[in-house]
Amino acid sequence: MVRVRKGMWMWCLALALANSASGQEKPPLLENSILGPLLSNSDVQKELKLSEEQINKLKDVLGKVMERYKDDFVKFQRMSPEEQQKKMVAFLEDNNKAIAGVLDAKQWKRFKQIQWQMSGIAALQDRDLQKELKLSDEQKKKLDGIFNEANKKMQEMMKNGERSPEKYQTLFKDVEKKAHEVLSEEQQKHLKEAKGPPFQFSFPKSGR
């Protein structure tokens, strides 16, 4: 299974590869802590200086979000690429809203920076980042088209039984190139600044 590292669009792919390998219809986010791959990471918790009380509150609010989307995740494989994209964006926005209600302003800012770093080019689907970069409606439309097309290609690769991570990485690189071309030079520069100081991730092994 390809580990979840590229945010909302990459999670769709991670789910696809996981299902292809195991025959299960369970999204990768449900395989780890209810906090998900970011907040369950001890290094991230230390970086954000989360208190035990905050961690417990996050488990509660994120558990409620997960419960609301449980049925949707079971049906995820049977959705069209556009529906998958829409559902993942909605899920992540609800997730972020729940998290923002627990973190203070400083913690939230750093969390978003780490989230954007983790998401790679897919961070451009985050509405907060879109506002930060002042993307035009035309730019947003172009980016939606790029990610939706990539999702369709991914589905075709799945149907053909493709499981090679290298083949999917080639697709990712193509998406990154096309998405960057949508941004102006100033926006590309601002994108790097918006992600803040680099953070090194160390993900816990599955099942821990």
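For the structure, see preceding data.
**Focus on the overall build of the protein chain**
In step 1: Check the secondary structure of the protein chain and you find 10 helices and 0 strands.
In step 2: The N-to-C order of helical and strand elements in the protein chain reads α-α-α-α-α-α-α-α-α-α.
In step 3: Evaluated residue by residue, the protein chain yields a buried proportion of 46% over its 208 residues.
In step 4: The long-range share in the protein chain, meaning contacts at least 24 apart out of those at least 6 apart in sequence, stands at 71%.
In step 5: Accessible area of the protein chain: about 11500 Å², with a carbon and sulfur share of 48%.

**Overview of the packing of aromatic side chains**
In step 1: Within this structure, the stated rule accounts for 4 aromatic pairs.
In step 2: An aromatic cluster of at least three residues, connected via ring pairs, comprises Y69, F73, F76 and F91.

**Digging into the nonpolar core**
In step 1: L39, L58 and F91 are the most contacted members of the largest nonpolar core, which totals 26 residues.
In step 2: Breaking this core down by element, the ones donating at least two residues are helix 2 (36–39), helix 3 (42–48), helix 4 (52–74), helix 5 (81–100) and helix 6 (105–119).
In step 3: Tallying contributions element by element places helix 4 first for this core, with 7 residues.
In step 4: Counting residues in each nonpolar core, the second largest holds 24 residues, with L129, F172, V182 and L183 among its members.

**A closer look at the layout of surface pockets**
In step 1: Counted as a void, the largest pocket has a volume near 230 Å³.
In step 2: Of all the elements in the fold, those that place two or more residues in the lining of the largest pocket are helix 5, helix 7 (127–133) and helix 8 (137–159).
In step 3: When residues in the lining of the largest pocket are grouped by element, the largest group, 4 residues, is from helix 5.
In step 4: Of the residues belonging to the lining of the largest pocket, the class tally is 1 nonpolar, 4 polar and 5 charged.

**Brief notes about the packing of helix 5 against helix 8**
In step 1: Between helix 5 and helix 8, whose axes approach to 9 Å, the crossing angle comes to 120°. Classed by the angle they form, the pair helix 5 and helix 8 counts as oblique. The crossing of helix 5 and helix 8 is right-handed. Facing P81, E82, Q84 and Q85 of helix 5, the residues of helix 8 in contact are F147, N148, N151, K152, M154 and Q155.
In step 2: Looking at the contact of helix 5 with helix 8 residue by residue, the classes come out as 3 nonpolar, 5 polar and 2 charged.

**Things to note about the environment of D60**
In step 1: Relative to the helices and strands, D60 is located in helix 4.
In step 2: What makes D60 partly exposed here is its relative accessible area of 42%.
In step 3: Put simply, D60 and L35 are 25 residues apart on the chain and 9.2 Å apart in space, counted from C-alpha to C-alpha.

**Some points on the pattern of salt bridges**
In step 1: Scanning the entire structure with this criterion turns up 13 salt bridges.
In step 2: A salt bridge links D72 to K87, with the nearest nitrogen and oxygen atoms 3.5 Å apart. Pair noted here: D72 is in helix 4 and K87 is in helix 5, with a separation of 15 residues, a long-range link.
In step 3: For E162, the salt bridge is made with K167, and the minimal N-O distance between the two is 3.3 Å.
In step 4: With relative accessibility at 22%, the residue E162 sits in the partly exposed group.

**Structural notes on the side chain of R110**
In step 1: Along the polypeptide, R110 turns up in helix 6.
In step 2: Its relative accessible area of 11% is what places R110 among the buried residues.
In step 3: A polar atom in the side chain of R110 sits 3.0 Å from the side chain of Q113.

**A word on the packing of helix 4 against helix 5**
In step 1: Where helix 4 meets helix 5, the axes come as close as 9 Å, and the angle between the chain directions of the two elements is 165°. The orientation of helix 4 relative to helix 5 falls into the category roughly antiparallel. In this structure, helix 4 crosses over helix 5, and the sense of that crossing is right-handed. Residues L58, V61, L62, V65, M66, R68, Y69, D72 and F73 of helix 4 touch helix 5, and the partners they reach there are K87, M88, A90, F91, D94, N95, A98 and I99.
In step 2: Counted by class, the contact of helix 4 with helix 5 contains 12 nonpolar, 1 polar and 4 charged residues.

Each value, and the rule that gives it
- Residues numbered from 1 in each chain as written.
- Predicted model: local features only at pLDDT ≥ 70, side-chain atom pairs only at ≥ 80, totals over all residues.
- Heavy atoms only, no water.
- Helix = DSSP H or I, 4+ residues; strand = E, 2+ residues; numbered from the N terminus.
- Buried < 20%, exposed > 50% of the residue type's maximum accessible area, 1.4 Å probe, protein only.
- Contact = heavy atoms within 4.5 Å.
- Areas by Shrake-Rupley, 256 points an atom, 1.4 Å probe, with all protein chains shown as cover.
- Phe/Tyr/Trp six-rings, centres within 6.5 Å; stacked < 30°, edge-to-face > 60°.
- Core = buried A, V, L, I, M, F, W, Y, C linked by side-chain atoms within 4.5 Å.
- 1 Å grid on protein atoms, 1.4 Å probe; cavity = no way out; pocket = protein on both sides within 12 Å on 5 of 7 lines; lining within 4 Å.
- Points joined across faces, edges and corners; volume = space filled by probe spheres on them.
- Nonpolar A, V, L, I, M, F, W, Y, C, P; charged D, E, K, R; others polar.
- Axes fitted to C-alpha atoms, helices over the stretch in contact; angles between N-to-C directions.
- Parallel < 35°, antiparallel > 145°, perpendicular 65-115°, else oblique.
- Left-handed = near helix turned anticlockwise from the far one by under 90°.
- Salt bridge = Lys/Arg side-chain N within 4 Å of Asp/Glu carboxyl O.
- Polar contact = N/O pair within 3.5 Å; in protein donor to acceptor, adjacent residues only side chain to side chain.

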